[in-house]
Amino acid sequence: MIKYDVIIIGAGASGVFMSYEMTKLKNNAKVLMIEKGNALSERVCPIDGKKIKECISCKTCNIMNGYGGAGTLSDGKYNITTQFGGDLHRYLGEDMANELMYYVDEILCQMGGSDAKLYSTTNSNLKTVALRHDLHLLDAKVRHLGTDRNIKILSKIYDYIKDRIDMIFNAEVKDIQNLEKGFCVITENETYYCEDLVLATGRSGSKWISQICNKFGIETESNRVDIGVRVELPAAIFEHITSEVYESKIVYKTEKYNDMVRTFCMNPYGEVVTENTNGIITVNGHSYSDPKLRTENTNFALLVSNKFTEPFKDSNEYGESIARLSNMLGGGVLLQRFGDLVKGRRSSQRRMEKCFTRPTLKAVPGDLSLVIPKRQLDNIIEMIYALDKIAPGIANEDTLLYGVEVKFYNSKVEVNDDLQTNLKGMYVLGDGSGVTHSLSQASASGVYVGRILAEKYQ
Ligand SMILES: Cc1cc2nc3c(=O)[nH]c(=O)nc-3n(C[C@H](O)[C@H](O)[C@H](O)COP(=O)(O)OP(=O)(O)OC[C@H]3O[C@@H](n4cnc5c(N)ncnc54)[C@H](O)[C@@H]3O)c2cc1C
């Protein structure tokens, strides 16, 4: 059995930033980070490389797994806010959560992110314009790194930590045993021992972490699931918004159901991509900072939040079932023109040929009303008409809707203010804890626990 003081499971944003902090601060801990996905240089999605057209369900999805986690091939938008992106402030307090997010931003800048502008919605005129139409723009600062710059920064962080932190890739942790003092961490080929164990397994590890919590009697609370579509339209329609605030989180309460719908993950001049979570194909988007890699379109998600009460608890299963329906009908992601959706007809190949907006993702034209429940679909249509008042053109019949976009949230794991479970020495970080849902907050949680353990091993 190979012995360490600290083992981090998962090399996503939270694991990497914890490693960064433990490298930076003086301490004697022997640290190992175990990651089931690939090292950075191996992380190529076959679709992105245009070698193939459709998701082939690789053994580990390069979009979701590997060094840097789900954030590596993302758009790299770091939102500094406690208004969305997680509840870290409820555990650490508002000031500490903000301070840590600014600290993460500082590191990103030192590692090559300083050329990327820090946008802010504070004092934006857009806020007032939106309010006049009952649309609510949330407060945030956002630094958009872009996928290309994001990868370079993660590579620099790797160089910084590699001599201090042992890292192994393509090694999935299968099980954990709780010893009288410390833990056994079991992968297919090896068993490790550590005194302090950090679970940083993100969204893709949600089922595994639930099993671990059940095994050790750690309480979890079912979280919400957000269901919706990815909207794609000519970038010019949102230019006045994206050029001012880049990412606008706009919330709207629908008249019909009083449900909340929000915009999410805006990618000016970006492209729509698929995402594979445990074999279920959903849609997402990203954009590059390099102008040569920009497309003519902007994309963003429109999401409706669903939280269930007794007797149904498995909100992720609800989201998965809806995504499975679209996978069944379209073999993956479905694509429909807004005009076809409101007219109650499917989008066909023939109709798509007449469409002025050119899709950036090859998806099967179809009918989203056969997949998304009426309530969510009505909410989305109402939101599109509401947004049309501040961005005229979005309700155009050639606006593209890809479905389904599902935001799965991990069940909230019961942790104390140090993000430690009731098992002494077992911490849960980032999205895997259900406490954070974003790059900034996940990274901040890593820095926080990194500081706690660096002090312990001084
Ligand atoms: C396409 C896409 C775009 C996104 N864009 C943005 C964005 O622009 N801004 C933003 O704020 N958020 C974005 N997000 C969300 C963001 O990526 C996450 O909030 C963030 O990555 C969470 O970090 P984490 O460390 O908690 O988990 P992750 O980044 O998911 O990392 C967890 C790691 O643990 C590994 N792992 C899981 N189980 C095991 C196991 N049993 N053994 C070993 N390793 C394991 C996984 O392979 C993974 O690499 C995006 C997500 C996706 C998928």
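Residues numbered from 1 in each chain as written. Predicted model: local features only at pLDDT ≥ 70, side-chain atom pairs only at ≥ 80, totals over all residues. Heavy atoms only, no water.

## A few points about the overall build of the protein chain
For clarity, the cut-off: Secondary structure elements follow DSSP: runs of H or I no shorter than four residues count as helices, runs of E no shorter than two count as strands, and numbering proceeds from the N terminus. Think of it in three bands: residues with accessible area under 20% of the maximum for their type are buried, residues over 50% are exposed, and the middle band is partly exposed, with areas taken using a 1.4 Å probe on protein chains only. For accessible areas, the Shrake-Rupley method is used with a probe of radius 1.4 Å. Any residue's cover is judged against the shown protein chains and nothing else. When charges are tallied, Lys and Arg are placed among the positive residues and Asp and Glu among the negative ones, while His and the ends of the chain are skipped. Each charge is placed at NZ for Lys, CZ for Arg, CG for Asp and CD for Glu.
Per the secondary structure count, the protein chain includes 12 helices and 22 strands. With the C-alpha coordinates of the protein chain rotated into their principal frame, the extents come out at 65 × 45 × 45 Å. Taken across its 458 residues, the protein chain has 61% of its residues classed as buried. Accessible surface, the protein chain as shown: approximately 19100 Å² in total, 49% of it carbon and sulfur. Within the protein chain, the 58 negative side-chain charges are centred at a point lying 4 Å from the centre of the 55 positive side-chain charges.

## Structural notes on the pattern of salt bridges
Put simply, the test is: Salt bridge criterion: a side-chain nitrogen from Lys or Arg within 4 Å of a carboxyl oxygen from Asp or Glu.
Enumeration according to the criterion identifies 31 salt bridges in this entry. Salt-bridge contacts for R90 lead to D87; the nearest nitrogen and oxygen are separated by 3.5 Å. Judged by relative accessible area, which is 61%, R90 ranks as exposed. Across the pair R324 and E317 runs a salt bridge, and its minimum N-O distance is 3.5 Å. With a relative accessible area of 29%, E317 lands in the partly exposed category. The network of salt bridges with common partners includes R337, D340, K343, R345, E397 and D398.

## Considerations on the pairing of strand β9 (residues 183-187)
The test is simple: Here a strand pair is declared whenever DSSP counts at least two bridges between the two strands.
Of all five residues in β9, five are buried; the element is thus mostly enclosed. Burial of the side chains of β9 extends over both faces: F183, V185 and T187 are buried on one face and C184 and I186 on the other. Pairing of strand β8 (residues 173-178) with β9 involves five bridges; the strand directions are antiparallel. Within β9, the residue paired with V173 across the bridge is T187. One ladder, built from four bridges, connects β9 with strand β10 (residues 191-199); its direction is antiparallel. Each residue of the ladder has a partner; that of F183, found in β10, is C194.

## Observations regarding the packing of aromatic side chains
When we look at a pair of aromatic rings, we describe it by the centre distance and by the angle of the planes. Worth spelling out the cut-off: Stacked, tilted and edge-to-face are the three classes applied to pairs of Phe, Tyr and Trp rings, where Trp contributes its six-membered ring and a pair requires centres within 6.5 Å; stacked means planes under 30 degrees apart, edge-to-face means over 60, and tilted covers the rest. A ring is considered to have a charge above it if a Lys NZ or an Arg CZ atom is located within 6 Å of its centre and within 35 degrees of its normal.
Applying the stated rule across the entire model yields seven aromatic pairs. Centre to centre, the rings of F238 and F300 are 4.9 Å apart; their planes meet at 40°, and the pair counts as tilted. With F238 in the loop between β12 (225-234) and α7 (239-245) and F300 in strand β17 (residues 297-306), the pair connects residues that are 62 residues apart, well separated along the chain. Just as F238 is buried, F300 falls in that class too. The cationic tip of K3 hangs over the ring face of Y193; the distance from NZ or CZ to the ring centre is 5.9 Å. The ring of Y4 is capped by K30, whose NZ or CZ atom sits 4.5 Å from the centre of that ring.

## Quick word on the nonpolar core
Let me state the cut-off plainly: Nonpolar cores are built from buried Ala, Val, Leu, Ile, Met, Phe, Trp, Tyr and Cys residues. Side-chain atoms within 4.5 Å join them into one set.
Core analysis: the largest hydrophobic core is formed by 76 residues, its most contacted members being I7, I176, L197, L199 and M426. Core analysis: the next-biggest nonpolar cluster, separate from the first, contains 43 residues, I237, V245, I280 and F408 among them.

## Some words on helix α5 (residues 147-161)
Formally: A helix is expected to span 1.5 Å for every residue after the first.
The terminal C-alpha atoms of α5, which comprises 15 residues, lie 21 Å apart, in line with the 21 Å expected from a rise of 1.5 Å per residue. Turning to α5, its buried residues number three or more, namely T147, D148, R149, N150, I153, L154, I157 and I161.

## Digging into the packing of helix α1 (residues 13-24) against α5
Formally: The convention used is that axes are lines fitted to C-alpha atoms, helices contributing only their stretch in contact, and that angles between N-to-C directions extend from 0 to 180 degrees. Throughout, the term roughly parallel applies to angles under 35 degrees, roughly antiparallel to angles over 145, roughly perpendicular to angles from 65 to 115, and oblique to all others. By the definition used in this description, the sense in which the near helix is turned from the far one sets the handedness, with an anticlockwise turn below a right angle giving left-handed and a clockwise turn giving right-handed. Only heavy atoms matter for contacts: two residues are in contact if any of them lie within 4.5 Å across the pair. Three categories are distinguished: nonpolar for Ala, Val, Leu, Ile, Met, Phe, Trp, Tyr, Cys and Pro, charged for Asp, Glu, Lys and Arg, and polar for the others, with Gly belonging to the last.
Running from N to C, α1 and α5 point in directions that differ by 40°, and their axes come no closer than 9 Å. Here α1 lies oblique to α5, going by the angle between them. Our pair here, α1 against α5, has a crossing hand that is left-handed. Contacts from V16, F17, S19, Y20, T23 and K24 of α1 reach α5 at L154, I157, Y160 and I161. Class assignment of the residues belonging to the contact of α1 with α5 gives a composition of seven nonpolar, two polar and one charged.

## Quick look at unusual backbone geometry
Between G403 and V404 the backbone carries a cis peptide bond, its omega angle lying at 5°. Among the secondary structure elements, V404 is positioned in strand β20 (residues 400-408). Of note in this structure, N170 is not a glycine but carries a positive phi near 55°. Assignment of secondary structure puts N170 in the loop between β7 (166-168) and β8. On the basis of relative accessibility, which here comes to 53%, the residue N170 falls in the exposed class. In this structure, N258 takes a positive phi of about 60° despite not being glycine. Relative to the elements of secondary structure, N258 occurs in the loop between β13 (250-253) and β14 (260-267). Exposure remark for N258: the relative accessible area of 54% places this residue in the exposed category.

## Considerations on the sheet that holds strand β6 (residues 141-144)
Read across the open sheet, the three strands follow the order β3-β6-β4; overall the sheet is antiparallel. In this open sheet, the two strands that pair with only one neighbour each are β3 (77-80) and β4 (118-120). Averaged over all pairs of adjacent strands, the angle between strand axes in this sheet comes to 25°, irrespective of strand direction. Along the sheet, helix α3 (residues 94-113) contacts β3 and β6; its crossing angle with β3, the most-contacted strand, is approximately 150°.

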